[in-house]
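What follows is each chain in one-letter form.
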Amino acid sequence: MQEFFELGQIVNTFGIKGFVKIVPYTEDISRFEQLDKVFLVKNNNKTEYEIEDVKYHKNFVLIKFKNVNTAQDAEALRNYYIQVKRETLGEPEEGTYYIADLLGLEVYSDDGKFLGILDDIYNTGSNDIYVVKEKNGKQILLPAISDVIKEINITDKKILVHLINGL
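Residues numbered from 1 in each chain as written. Predicted model: local features only at pLDDT ≥ 70, side-chain atom pairs only at ≥ 80, totals over all residues. Heavy atoms only, no water.

**Things to note about the overall build of the chain**
Thought 1: Across its full length, the chain holds three helices and twelve strands.
Thought 2: With 167 residues in all, the chain has 35% of them scored as buried.
Thought 3: Sequence-distant contacts in the chain: of pairs separated by 6 or more residues, those separated by 24 or more amount to 48%.
Thought 4: A total of about 10300 Å² of accessible surface is found on the chain, and carbon and sulfur atoms cover 44% of it.
Thought 5: Treating the 20 positive side-chain charges of the chain as one cloud and the 27 negative ones as another, the clouds have centres 6 Å apart. (Helix = DSSP H or I, 4+ residues; strand = E, 2+ residues; numbered from the N terminus. Buried < 20%, exposed > 50% of the residue type's maximum accessible area, 1.4 Å probe, protein only. Contact = heavy atoms within 4.5 Å. Areas by Shrake-Rupley, 256 points an atom, 1.4 Å probe, with all protein chains shown as cover. Lys, Arg positive; Asp, Glu negative; His and termini not counted. Charge placed at Lys NZ, Arg CZ, Asp CG, Glu CD.)

Have a look at this one:
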């Protein structure tokens, strides 16, 4: 299992007091309020920063880190990625999964046929789309709805799906 999760990327500064503007990679941006510390990562360098304040502006998360007090200090953090340790987030609720845990799982149809490997997941708003890469490199797009996704088994690294007409 993946030890660190990426929650976003610093894309700019905000104001003159050292806030950074973050594009969040999580559906629940309020999760940032529950964090005391995060890791900033760039070019294989990982440094822990303590969070002083969290605000929101449009679709961005604004964070003020301890000892980052000016726009110039914040500018130095541009393009860093925000990571947290897995245990900081806790386990997902029953029936929900971290994307990092799903990618790479083998996908089988309910008649036992191997379809491929889960390669990517797109969020369309109404439901996610699972991108399954076949052996020949082609892709199968599966809506992540209960009629299609029948079982996800993280332990066995398998997803069982039912191919409805048109898929």
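**Quick word on unusual backbone geometry**
Thought 1: A positive phi angle is found at N44, which is not glycine, with a value near 65 degrees.
Thought 2: For N79, which is not a glycine, the phi torsion comes out positive at approximately 75 degrees.

**Focus: the packing of aromatic side chains**
Thought 1: As enumerated under the stated definition, the model contains four aromatic pairs in all.
Thought 2: Each ring, one from F4 and one from F39, has its centre 5.4 Å from the other, and the planes form 90 degrees; the classification is edge-to-face. With a gap of 35 residues between them, F4 in strand β1 (residues 4–14) and F39 in strand β3 (residues 37–42) connect regions that are remote in the sequence.
Thought 3: Under the relative-accessibility criterion, F39 is labelled buried at 15%.
Thought 4: In this structure, K21 is placed above the aromatic ring of F60, and the distance from its NZ or CZ to the ring centre is 4.7 Å.
Thought 5: Sitting over the face of the ring of Y108, K158 holds its NZ or CZ atom 5.3 Å from the ring centroid. (Phe/Tyr/Trp six-rings, centres within 6.5 Å; stacked < 30°, edge-to-face > 60°. Lys NZ or Arg CZ within 6 Å of the ring centre and 35° of its normal.)

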